[in-house]
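Structural description and commentary
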Amino acid sequence: MTASSREYPERPIVGVGGVVIENGRALLIRRGGEPLRGQWSIPGGTLELGESLEHGVARELLEETGLQVKVVEFLEVFDRIFVEPGGENRSPRFHFVIVDYLCERIAGEPRAGGDATDVTFAAEDELERFHLTATATRVLRKAFALSRRRHAATSGNLAL
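Below you will find a few notes about this structure. (Residues numbered from 1 in each chain as written. Predicted model: local features only at pLDDT ≥ 70, side-chain atom pairs only at ≥ 80, totals over all residues. Heavy atoms only, no water.)

**Quick look at the pattern of salt bridges**
Our working definition: Salt bridges are counted wherever a side-chain nitrogen of Lys or Arg sits within 4 Å of a carboxyl oxygen of Asp or Glu. What counts as a helix is a DSSP run of H or I of at least four residues, what counts as a strand is a run of E of at least two, and both are numbered from the N terminus. Classification of residues uses two cut-offs on accessible area relative to the type maximum, computed with a 1.4 Å probe and protein chains only: under 20% is buried, over 50% is exposed, and between them is partly exposed.
Considering all chains together, one arrives at 17 salt bridges under this definition. A salt bridge links R25 to E126, with the nearest nitrogen and oxygen atoms 3.5 Å apart. Residue R25 is found in strand β2 (residues 25–31), and its partner E126 is found in the loop between β7 (116–123) and α2 (134–154); the two are separated by 101 residues along the sequence. Among the residues examined, R25 registers a relative accessible area of 32% and is labelled partly exposed. The shortest N-O distance in the salt bridge between E76 and R138 comes to 2.3 Å. Residue E76 is located in strand β5 (residues 68–82), and its partner R138 is located in helix α2; the two are separated by 62 residues in the primary sequence. Using a relative accessible area of 10% as the deciding quantity, one classes E76 as buried.

**Some remarks on the environment of P110**
What counts, and what does not: When checking whether two residues touch, look at their non-hydrogen atoms; a contact exists if any pair is within 4.5 Å.
Along the polypeptide, P110 turns up in the loop between β6 (94–107) and β7. Residue class for P110 comes out partly exposed when judged on its relative accessible area of 27%. Residues P110 and F121, spaced 11 residues apart in sequence, show a C-alpha to C-alpha distance of 9.3 Å. Apart from the residues lying within four places of it in its own chain, the contact partners of P110 are L27, T65, L67, R105, V119 and F121.

Take it as geometry only, folks, not as evidence of what the structure does.
Right, dumping it as structure tokens:
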């Protein structure tokens, strides 16, 4: 098996993700490729050369979910490093620096595409049953809180 350009990289790869929350539910995808194949996750992928972070988020969400989105606000940046079991002295199999944003749907209907094999919406109290990574769960909870604050501010209810 030949390694993809993402596997055993010479340097970290920049990834982008977008959290879309509608009616109190966040859009999730099931990953079709490594890393995290078969697991539920925040939609996103890798940044392309010459592409801005926000453009990359919008492109990845269109590819993976069929949604055209507006990037609204920065959520978090973190690294995701995967080392083979027993590979303490080996190079990481994957090393991503991921930048996640809160997004709003502009157009489109959710459908799986690109690296995604399935899409679904999940309420905050349903996140545990999707067996998300601890980092994805933290980012989603931050997105839910930010979405509630933004909704309260736009509806005139500033009591947070």
